[in-house]
Amino acid sequence: MTQSPNPISLFHEWLAEAEKTEVNDPTAMSLATATKDAIPSVRMVLLKGADEKGFVFYTNLGSRKAGELHENPNAALCLHWKSLRKQVRVEGSIEPVSAEEADAYFQSRARVSRIGAWASKQSQEMEGRWELEKRVAEYTAKFGIGEIPRPDFWSGFRLKPRQIEFWADQKFRLHDRIVYKMTDDGWNVVRLFP
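Below, the discussion takes up the overall build of the chain. Scanning the chain from N- to C-terminus turns up five helices and nine strands. Listed N to C, the secondary structure of the chain is α-β-β-β-β-α-β-β-α-α-α-β-β-β in terms of helices and strands. If you line up the chain on its principal axes, its C-alpha atoms span 55 × 35 × 30 Å. Taking all 194 residues of the chain together, the buried fraction comes to 43%.

So this is what it looks like as structure tokens:
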């Protein structure tokens, strides 16, 4: 694996490669959070943006993940592309995206997904699937064919990376591992034993 001075550029190279080979969701990533008492939790989410500022994903602000991110604004994520035998791990701090970013992304979603955001009480218990379907029908009727605004309980987070690791499978488990660590002077790059 060749080193790049910029991990975000390298990430985009790997993501572009994954978009050609992964059958489903090349932007799927595991997101690890923890409570203020350091009890961990992990789930899959979709990456919706990556640039010099960080890695962006969206969620219902009433969800378990959002609650944990408010309690403990540190998180980790991992993108694993089985077809490429590569993964990228990112650790860092969390900040909310701007209202303008959240509005723009929300409006780019499919109409049914926007209605679903209104209908779902994410992470709360429900009596049965019919309860969700009823709420979808109610919000479909409420919005009709008009605009669907972003709910104030739905937005995004940005993971600002402190460390990014690129891992590539090699024969005999002698894998390539390159780690970028953020310092006051920019990215410091090191190689790790597999």
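That was the structure; now back to the text.
For helix 3 (residues 99-108), every residue scored as buried is listed here: Ala102, Tyr105 and Phe106. The arc enclosing the buried residues of helix 3, seen along the axis, measures out at 100°, which places them on a common side. Set apart from the buried face of helix 3 by more than 90 degrees, the exposed residues are Glu100, Ala104 and Ser108. Tucked inside the fold, the buried residues of helix 3 contact strand 4 (54-60), helix 4 (111-119) and strand 7 (154-168).

Right, let's get into the nonpolar core. Among the nonpolar cores identified, the biggest contains 30 residues, and Phe11, Phe55, Phe57, Trp81, Val88 and Phe166 are the most heavily contacted of them. Taken together, the elements giving at least two residues each to this core come down to helix 1 (7-21), strand 1 (28-34), strand 4, helix 2 (64-71), strand 5 (74-81), strand 6 (86-96), strand 7 and strand 8 (176-183). A total of six residues in this core trace back to one element, the largest contributor, which is helix 1. When neighbours within four sequence positions are excluded, Phe55 is seen to be in contact with Ile8, Phe11, Leu47, Gly49, Ala50, Leu77, Val90, Phe157, Arg158, Leu159, Pro161 and Ile164. Counting 14 residues, the second largest nonpolar core, distinct from the first, contains Val97, Phe106, Ile115 and Trp118.

With that out of the way, let us pick up the environment of Glu165. Relative to the helices and strands, Glu165 resides in strand 7. Here Glu165 falls in the buried class, since its relative accessible area comes to 3%. A C-alpha to C-alpha distance of 9.5 Å links Glu165 and Leu192, two positions 27 residues apart in sequence. Excluding anything up to four places from it in sequence, Glu165 contacts Gln87, Val88, Arg89, Arg177, Ile178, Val179 and Leu192. At 2.7 Å, the side chain of Glu165 forms a polar contact with the side chain of Arg177.

Bringing unusual backbone geometry into the picture now. Phi angles above zero are rare outside glycine, and Arg85 is one such case at about 60°. Among the secondary structure elements, Arg85 is positioned in the loop between strand 5 and strand 6.

For the structure shown, the criterion picks out 14 salt bridges. Between Arg150 and Asp103 there is a salt bridge; the shortest N-O distance is 2.6 Å. Of the two residues, Arg150 sits in the loop between helix 5 (129-143) and strand 7 while Asp103 sits in helix 3, which places them 47 residues apart along the sequence. For Glu165, the salt bridge is made with Arg177, and the minimal N-O distance between the two is 2.7 Å. Taken together, the residues span a long stretch of sequence, with Glu165 in strand 7 and Arg177 in strand 8 at a distance of 12 residues. Among the charged side chains, a network of salt bridges with common partners joins Arg89, Glu91, Glu165 and Arg177.

Let us look at the packing of helix 4 against helix 5. Between helix 4 and helix 5, the shortest axis-to-axis distance is 9 Å and the interhelical angle comes to 115°. By crossing handedness, the relation of helix 4 to helix 5 is classed as right-handed. Residue-level inspection shows Arg111, Ile115, Trp118 and Ala119 of helix 4 in contact with helix 5, the latter providing Leu132, Arg135, Val136, Tyr139, Thr140 and Phe143. The residue makeup of the contact of helix 4 with helix 5, split by class, is seven nonpolar, one polar and two charged.

Conventions we followed
- Residues numbered from 1 in each chain as written.
- Predicted model: local features only at pLDDT ≥ 70, side-chain atom pairs only at ≥ 80, totals over all residues.
- Heavy atoms only, no water.
- Helix = DSSP H or I, 4+ residues; strand = E, 2+ residues; numbered from the N terminus.
- Buried < 20%, exposed > 50% of the residue type's maximum accessible area, 1.4 Å probe, protein only.
- Arc of directions from axis to C-beta.
- Contact = heavy atoms within 4.5 Å.
- Core = buried A, V, L, I, M, F, W, Y, C linked by side-chain atoms within 4.5 Å.
- Polar contact = N/O pair within 3.5 Å; in protein donor to acceptor, adjacent residues only side chain to side chain.
- Salt bridge = Lys/Arg side-chain N within 4 Å of Asp/Glu carboxyl O.
- Axes fitted to C-alpha atoms, helices over the stretch in contact; angles between N-to-C directions.
- Left-handed = near helix turned anticlockwise from the far one by under 90°.
- Nonpolar A, V, L, I, M, F, W, Y, C, P; charged D, E, K, R; others polar.

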